[in-house]
Amino acid sequence: MVIFSLLENALDSVETGLMYFRRARESQDRRDYKQCLLNLFQATELLLKAAVSCRGAGAIFKPDSLIKHCTDPQAPTQKELYRCISVNVRDLCKLVKKHYPSAFTSQGLEMVENVAQLRNNLQHFTLEIDPQYLVMQLSSLYRLVFRPAFILLQEGETNDSWNSAFRRQFITLEKQFLEITTYQEYELARCPVCSSWSHFIVYDGESYPVSSHCICCNFKLADLQVWNFQMCPDCGWPSVIYVPEYKAGACLAHTCTYSKEEGFVPMEPCSGCGGYRLEDHCQECDPEE
Ligand SMILES: [Zn+2]
Ligand SMILES: [Zn+2]
Ligand SMILES: [Zn+2]
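Because the structure is a prediction, the values reported are computed rather than measured. (Residues numbered from 1 in each chain as written. Chains lettered and ligands numbered in written order. Predicted model: local features only at pLDDT ≥ 70, side-chain atom pairs only at ≥ 80, totals over all residues.)

## Considering helix H7 (residues 131–152)
Under the convention used in this document: Helix and strand assignments come from DSSP, with helices taken as H or I runs of at least 4 residues and strands as E runs of at least 2, each series counted from the N terminus. By this rule, a helix spans an expected 1.5 Å times one less than how many residues it contains. What the bend at a residue measures is the angle between two axes, fitted to the seven residues ending there and to the seven starting there. Here a residue counts as buried when 20 or more other C-beta atoms fall within 10 Å of its C-beta, as exposed when 12 or fewer do, and as partly exposed in between; the C-beta atoms come from the backbone.
Between its first and last C-alpha atoms H7 spans 31 Å; for 22 residues at 1.5 Å apiece the expected length is 32 Å, and the two agree. By the largest-angle criterion, Tyr-142 marks the main kink of H7, which is about 30 degrees. Every buried residue belonging to H7 is among Leu-134, Leu-138, Leu-141, Tyr-142, Val-145, Phe-146, Arg-147, Pro-148, Ala-149 and Phe-150, and all of these are buried.

Following this line, the structure appears as structure tokens:
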């Protein structure tokens, strides 16, 4: 129940923060930047608290506070937790590191503390900060903290019925974020790994996809170069990337049958020419087919 309300409030704050983010980029109004920062910071805190709470309802509360207010600090009741004091941001980051050692990069957790500092400055002084710098910080916060948090909060997806509604929200928020930061230069497709409709293919100003990522299972392709792409046997576009981990290809043309329905393209390195065989056919070695 604690996780549910933390997550619900977190996602409300992400949504409000992104709304102000969009507004601020259009208006360049400091008040919009301020609301954006306040909401996205609150979202950060709540998302991380929700993640840590998955490891135990009492995990985000100060130990001495649990001892003071709970009959059994190891198994606190909901009512007792209302009276307990939760940990500060610094300790929250430590708990995140302890419970999820590989989910967040140290750069991501540093970003949380940076943004906490910005938020404190804002509360005590006026916001004297270059809007461009703030946009950069908040975009990194989203990429380095929100995305991994969304993914790990889907851990219990198969047996938690409330999760799928959240999953739809994660996808919607990701769309909103990309609409603001990439000026809509992205397409959405079905993920070849988890089969959710949550595989974001990002163009970011190029004529070919520069990266792709799934907001549900963490499948991703990064730093793509134009010469990495192979011709797709189904859609005919140079849009297939070989994924060694799955010994198969991913077609990043969002209109292709592979990226809409079928998933991975059967693909393997060709021993004849050093290129690739797709659907058991190599363009170099069997040109006549
Ligand atoms: Zn996926
Ligand atoms: Zn294709
Ligand atoms: Zn070949």
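Still more to cover.
## Quick notes on the environment of Pro-63
Here Pro-63 is to be found in helix H3 (residues 63–69). Counting along the chain gives 11 residues from Pro-63 to Gln-74, while the straight-line C-alpha distance between them is 9.9 Å.

## Concerning the packing of helix H1 (residues 2–27) against helix H2 (residues 30–53)
What counts is decided by this rule: Each axis is a line fitted through C-alpha atoms, and for a helix only the stretch in contact is used; angles between axes span 0 to 180 degrees, taken between their N-to-C directions. Any angle between 65 and 115 degrees counts as roughly perpendicular, while under 35 counts as roughly parallel, over 145 as roughly antiparallel, and the rest as oblique. The crossing is said to be left-handed when, going from far helix to near helix, the turn is anticlockwise and less than a right angle, and right-handed when the turn is clockwise. Residues were grouped as follows: Ala, Val, Leu, Ile, Met, Phe, Trp, Tyr, Cys and Pro as nonpolar; Asp, Glu, Lys and Arg as charged; and all remaining residues, including Gly, as polar.
For the pair H1 and H2, interaxial distance at closest approach is 7 Å and the crossing angle is 155 degrees. Of the possible angle classes, the one that applies to H1 and H2 is roughly antiparallel. Between H1 and H2 lies a crossing of left-handed hand. Counted by class, the contact of H1 with H2 contains 16 nonpolar, 9 polar and 3 charged residues.

## Notes on the confidence of the model for the protein chain
Rules: On a range of 0 to 100, pLDDT expresses the predictor's confidence in each residue.
Overall, the predicted model of the protein chain reaches an average pLDDT of 90, with 95% of residues at or above 70. When mean pLDDT is taken per element in the protein chain, strand E7 (residues 248–251) scores highest with 98 and helix H4 (residues 78–81) scores lowest with 86.

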